[in-house]
Structures are given as C-alpha cells and as structure tokens.
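# Examining the three-dimensional arrangement
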Amino acid sequence: MTTGRAVNGFLLDITGVLYNSIYKSDGSAIPKSAEAVDFVREEDVITPAPVVAQYCREHELRPHLFVRDDVLEYFDGIDTTSPNCVVMGEVEEGFSFDRINRAFRVLLNMPKPLLITMGNGKFFQRVDGPCIDVGAFAAALKFSTNCEIVMIGDDLLSDVGGAQACGMRGIQVKTGKWRPDFEKLPVKPDLTADCLYDAVKMIADNGFRL
C-alpha cells in the first residue's frame, strides 16, 4: 500500500481481535495483537463506558443503567433517579427478562425514548463458543468526530459489513469468528490481515493511510 485516504484512528471490536474472551475471566491475549497498542499512546485509547458517562454529564441525562457491575464506577455522581434515557452495554449472564423489561418500561414512559447503546452486534466469540452480544455502534463516533476511522473486526457481516454500510472502511482480521468461507460472502473488506497487530502495522507503515 502506497496511497489512500488518511487514517485518524482505529475502532476496534476488541473480543476476537485483541483478546479471546473467557467466561468469568479477563480472557487471553491473541499473540501479537496486544502489541498493537505500541502504535498509540495510552492517553489516546478511548473506550465506550467513560465516553457515554461524560455524554450523560454534559447533556444532563439521568440514565437507567443496564451495564456490567465493573462499568458502574464510570457513572459515579450521575443522577439516575427518574431516568430520561437508557444506557445499555454487554452484560453476558446479566441479561434477564426482568432487567430487559425494566429498561423497556423506562423507554416506554418517555415522550421521546432515548436508548444509548455501547454496542449493536449480533454475537461475539468466546473460547467456549459464540455468545449473543449487543455489538458495536460505530456510526455515532464517526458522526460526532467527523474523523476518518476504520473498523477492525473478526465478524465480516456485523463488523466489516456494518461499518461499510455506515460509510466507514472495514478491515477483516483472521482471528476470533473468522472462517475461510467468509471469502465467499458478498461483503468485501477494504483490507484483510492475519491479526490486529498486522492490520495496524500495515496501515502505520503506509503513513496511516488505507
């Protein structure tokens, strides 16, 4: 690669790209992929939860929190009484009819329902098998920052195809959910790499252009 558009950032589908998810653990790093963070500064790494919490503060939102317990700390100090929005993230076994129904009722009682989701994919790959997920909401980041961001994922349809449908570029990595028969599907990645490290390095070596 010698020419192409500028790349100002990377939007990662972390599970299956940076590490393999393991139930009730922090998971295991994919060889070489964890080293991809060497291309960026720690202060430039942005994850969804603190961004959503800051959004709630700036817009005086009172969220009904449907998130994992280890995410709650980001929302400390935010008023959650009489919710005027629902913030939802991946909670694995935390999904239940009662929790979903409580969120449903909060939204139903709003004149203009506002759901802020920290993902929107179909499923993610855990070591013990595929698991239902809330996925990635990439379009919001591109819309709000107007940056040229690329999506790197292991799911050709949800990650790569979803990004391309939103006007972003999608990179397929051959880790996680990737299967050889993905090449037979109509979605065509803008770039295919063996792992996250290789994808980032290829773009970095090309002057951060794709």
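Look up a bit, the structure's there.
As a convention, each chain's residues are numbered from 1 in the sequence order in which they are written. Side-chain atom pairs in this predicted model are given and counted only at pLDDT of 80 or more, local residue features only at pLDDT of at least 70, and totals for whole chains, interfaces and linings cover all residues. The basis for every side-chain value is the complete set of heavy atoms in the structure, and neither hydrogens nor water enter the calculation.

### So, the nonpolar core
This is how the line gets drawn: In this text, buried Ala, Val, Leu, Ile, Met, Phe, Trp, Tyr and Cys residues form a nonpolar core when linked through side-chain atoms within 4.5 Å. Each residue is assigned to one of three classes by its accessible area relative to the maximum for its type, calculated with a 1.4 Å probe on protein chains only: buried under 20%, partly exposed between the two thresholds, exposed over 50%. Secondary structure follows DSSP: runs of H or I at least 4 residues long count as helices, runs of E at least 2 residues long count as strands, and numbering of each begins at the N terminus.
Core analysis: the biggest nonpolar cluster contains 16 residues, and Val150, Ile152, Ile171, Leu196, Ala199, Ile203 and Leu210 have the highest contact counts within it. For this core, the elements supplying multiple residues, two or more each, are β9 (149-153), β10 (169-173), β11 (191-193) and α5 (196-205). Here this core takes five residues from α5, the largest share from any one element. Core analysis: the second largest hydrophobic core is formed by 12 residues, Ala49, Ala53, Phe75 and Ile78 among them.

### Let's talk about the sheet that holds strand β6 (residues 115-117)
Our working rule: Only strands that DSSP links by at least two bridges are regarded as paired with each other. Convention adopted: a line fitted to C-alpha atoms gives each axis, helices being fitted over their contacting stretch, and angles between N-to-C directions are expressed from 0 to 180 degrees.
Read across the sheet, three strands follow the order β4-β5-β6 without closing on themselves; strand pairing throughout is parallel. Every interior strand has two partners, whereas the edge strands, β4 (63-66) and β6, have only one. Neighbour-to-neighbour, the strand axes of the sheet open up by a mean angle of 20 degrees, direction not taken into account. In this sheet, β6 lies alongside strand β5 (residues 85-88) in parallel orientation, the contact comprising three bridges. Along β6, the bridge assignment pairs Val86 with Leu115.

### Observations regarding helix α1 (residues 48-58)
Residues spaced three or four apart along an α-helix face the same direction, because each turn holds 3.6 residues. Going by this rule: The arc in question is the one spanned by the directions pointing from the helix axis to the C-beta atoms. We call two residues in contact when some of their heavy atoms are within 4.5 Å.
All buried positions along α1 are accounted for by Ala49, Val52, Ala53 and Cys56. Viewed end-on, α1 has its buried residues packed into an arc of 100 degrees, placing them on one side of the element. Looking at the buried positions of α1, the neighbouring elements they touch are β4, β5 and β6. Phi for Glu60, located one or two positions after α1, is positive at around 50 degrees.

### Quick look at helix α2 (residues 97-108)
What counts here: Take the number of residues in a helix, subtract one, and multiply by 1.5 Å to get its expected span.
With 12 residues, α2 ought to run about 16 Å at 1.5 Å a step, and its terminal C-alpha atoms sit 16 Å apart, in line with that. When we look at burial in α2, the residues that qualify are Asn101, Ala103, Val106 and Leu107. Each element contacted by the buried residues of α2 is listed here: β4, β5 and β6.

### Looking at the pattern of salt bridges
Rules: Put simply, a salt bridge is a Lys or Arg side-chain nitrogen that is within 4 Å of an Asp or Glu carboxyl oxygen.
Throughout the structure, instances matching the rule amount to three salt bridges. As a salt-bridge pair, Arg68 and Asp70 come within 3.3 Å of each other at their nearest N and O atoms. For Lys177, the salt bridge is made with Asp155, and the minimal N-O distance between the two is 2.6 Å. Here Lys177 is found in the loop between β10 and β11, whereas its partner Asp155 is found in the loop between β9 and α4 (156-165), with 22 residues between them in sequence.

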